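# Results of the structural survey
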Amino acid sequence: APSALFARFEKVPIASASLGQVHEATTKDGQRVAVKVQHHDIDETVRLDLKTIRRIVGIVQWFVPVQGLDGYYQQIKELLKRELDFTLEADNIEKIAKNFSPEGRVLFPTPLRELSTRRVITTTFVDGKKLGDIAALDKMGIDKKELASRLVRAYCQMIFVDGIYHADPHPGNILVGSDGAIVLLDFGAVAELSSEMRE
């Protein structure tokens, strides 16, 4: 039960997606955290979805013999397997975060390994407004052009310099701190590039 591990655990999630949901909590030592928990039936849901995708691929190949469709299916299967392992997500956060200097104004939640498993990931709570909340950014006095430029630079660094990048950059996964810092969330989808591809 959450009460055994946390001093406070909000039952109503602050965010929800297809694989899991995020709850705000406080650790026993008073630290504010975000706890992402997989939906209890997600393994079965993914198994059925993959079965359906496999059937669709088979039907499409029967009518239109397209080369490489089976490869796409295998990629989807591998991606879902990786996204369901929150240990890998914690690894991804740490790998990418270490490539950014603290003064670079790109922030990351820090995984708390002692409160995380394959199906639950607990991280420090990082405040901010969603990137797409233009009214909130204006109210905070954020220079949107400068912010966009820093965001593009951060992605260019991840892709062209570091070779490992946050691969799900929708506005819900990017926050803007009160000081204009960029906060990247949700590292379930991360891609790595070889040096040849980066070149």
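A brief report on the enclosed structure follows. These numbers come from a predicted model, not from an experiment. (Residues numbered from 1 in each chain as written. Predicted model: local features only at pLDDT ≥ 70, side-chain atom pairs only at ≥ 80, totals over all residues. Heavy atoms only, no water.)

## Describing the layout of surface pockets
There is about 930 Å³ of room inside the largest pocket. As for the largest pocket, its lining consists of 36 residues, and the residues nearest its centre are Ala15, Val22, Asn173, Leu185 and Asp186. Of all the secondary structure elements, the ones that give two or more residues to the lining of the largest pocket are β2 (15–16), β3 (20–27), β4 (32–38), α3 (69–83), α4 (86–97), β6 (120–124) and β7 (129–130). Its volume calculated, the second largest pocket comes out at about 150 Å³. What lines the second largest pocket is simply Ala1, Pro2, Leu5, Phe6, Phe9, Val35, Val37, Glu114, Leu115, Ser116, Thr117 and Val120. Within the residue set of the lining of the second largest pocket, elements represented by two or more residues are α1 (2–5), β1 (6–9) and β4. Class assignment for the residues of the lining of the second largest pocket results in nine nonpolar, two polar and one charged. (1 Å grid on protein atoms, 1.4 Å probe; cavity = no way out; pocket = protein on both sides within 12 Å on 5 of 7 lines; lining within 4 Å. Points joined across faces, edges and corners; volume = space filled by probe spheres on them. Helix = DSSP H or I, 4+ residues; strand = E, 2+ residues; numbered from the N terminus. Nonpolar A, V, L, I, M, F, W, Y, C, P; charged D, E, K, R; others polar.)

## Section: the nonpolar core
Counting residues in hydrophobic clusters, the biggest one holds 24 residues, and the most contacted among them are Ile96, Phe100, Phe108, Met158, Leu184 and Phe187. Those elements that place two or more of their residues in this core are α4, α6 (144–162), β8 (164–166), β9 (174–176), β10 (182–184) and β11 (190–192). Broken down by element, this core gets its largest block of residues, five residues, from α6. Beyond its immediate sequence surroundings of up to four residues, Phe108 is in contact with Ile93, Ile96, Ala97, Phe100, Val126, Leu184 and Phe187. (Core = buried A, V, L, I, M, F, W, Y, C linked by side-chain atoms within 4.5 Å. Buried < 20%, exposed > 50% of the residue type's maximum accessible area, 1.4 Å probe, protein only. Contact = heavy atoms within 4.5 Å.)

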